[in-house]
Structure formats: structure tokens, C-alpha cells
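Secondary and tertiary structure notes
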Amino acid sequence: MTGYGFVALGFIALVLDGARSIANVDLRVASLGEVLQGLLPERYALIGPAIARGLHPWLAEPAFATAMQAPFCAVALVLGFLLLWAGRPPAPQIGFVTRQ
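Heads up: these notes are all about the structure in this document. Quick caveat, the model's predicted, so the values are computed rather than measured. (Residues numbered from 1 in each chain as written. Predicted model: local features only at pLDDT ≥ 70, side-chain atom pairs only at ≥ 80, totals over all residues. Heavy atoms only, no water.)

Contact geometry for helix α1 (residues 2-24) and helix α5 (residues 72-86): axes closest at 7 Å, N-to-C directions at 160°. If you check the angle between α1 and α5, you find them roughly antiparallel. Between α1 and α5 lies a crossing of left-handed hand. Contacts between α1 and α5 involve Thr2, Gly3, Tyr4, Phe6, Val7, Leu9, Gly10, Phe11, Ala13, Leu14 and Asp17 on the former and, on the latter, Phe72, Cys73, Ala76, Leu77, Leu79, Gly80, Phe81, Leu83 and Leu84. Classifying every residue of the contact of α1 with α5 gives 15 nonpolar, 4 polar and 1 charged. (Axes fitted to C-alpha atoms, helices over the stretch in contact; angles between N-to-C directions. Helix = DSSP H or I, 4+ residues; strand = E, 2+ residues; numbered from the N terminus. Parallel < 35°, antiparallel > 145°, perpendicular 65-115°, else oblique. Left-handed = near helix turned anticlockwise from the far one by under 90°. Contact = heavy atoms within 4.5 Å. Nonpolar A, V, L, I, M, F, W, Y, C, P; charged D, E, K, R; others polar.)

Despite not being glycine, Val25 has its phi angle at roughly 55°, a positive value. Inspection of the secondary structure assignment puts Val25 in the loop between α1 and α2 (32-39).

Mapping Glu61 onto the fold places it in helix α4 (residues 57-68). Between the alpha carbons of Glu61 and Ile51 there is a distance of 8.7 Å; along the sequence they are 10 residues apart.

Let's shift gears to the pattern of salt bridges. If you walk through the whole model with that rule in mind, you get 2 salt bridges. Arg20 serves as the salt-bridge partner of Asp17, at 3.2 Å between the closest nitrogen and oxygen. With a gap of 3 residues between them, Asp17 and Arg20 both fall in helix α1, about one helical turn apart. Note on Asp17: relative accessible area 6%, which makes it buried. Assessed through its relative accessible area of 34%, Arg20 is described here as partly exposed. Across the pair Arg28 and Glu34 runs a salt bridge, and its minimum N-O distance is 3.3 Å. Judged by relative accessible area, which is 33%, Arg28 ranks as partly exposed. According to the relative accessible area criterion, Glu34 is partly exposed, its value standing at 36%. (Salt bridge = Lys/Arg side-chain N within 4 Å of Asp/Glu carboxyl O. Buried < 20%, exposed > 50% of the residue type's maximum accessible area, 1.4 Å probe, protein only.)

The following block contains the structure:
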């Protein structure tokens, strides 16, 4: 269920980015950092130090900066499809003997 929500959110963000780009006559894509800063203004400043505690200092800043510059629509779509893939039911075992 959560996977479908992220896929829908990704498509909504893609449509909004497309409409904004057409209106501005320039390619405009909302980044993950912009969306998080808009949704969680107080907590956004705490995300960087939380990531830095778990990673090496040389790796934390470039990884955080790169992740926050990623397009939000792509992040939401990839996360949604990964959740859908992880939560899919197992394939039926046809042709295997189950009796012992």
C-alpha cells in the first residue's frame, strides 16, 4: 500500500514539475532537499548531522549534498517501485513436489 502511495506521489511531482517547467519556459525540477525543507522546516537542519553521525565525515557531506539534489519525483518513483517489488507475493511453485 505504501509503495502505491510513493508511486502516486512521484507521478504527481512529475506532473507538477512539468507544469512548472512549461509555465516558466525553463526546465524546473524540485529537488529532494527543497521538498523536505518545505515539509519539515525545523527538522531539515537536523537531517545532515544525523547522517554525519552514521557515516565517515569525508563521505557524509558529499553523500548528503548529492542526495538532497536528487529530483524528488525520481526518488519517490524509485522508492515506490522498490517497495512494490519487495512486497510482492511469492511466485507459485508449479512443478515442485511438496510431498515427502
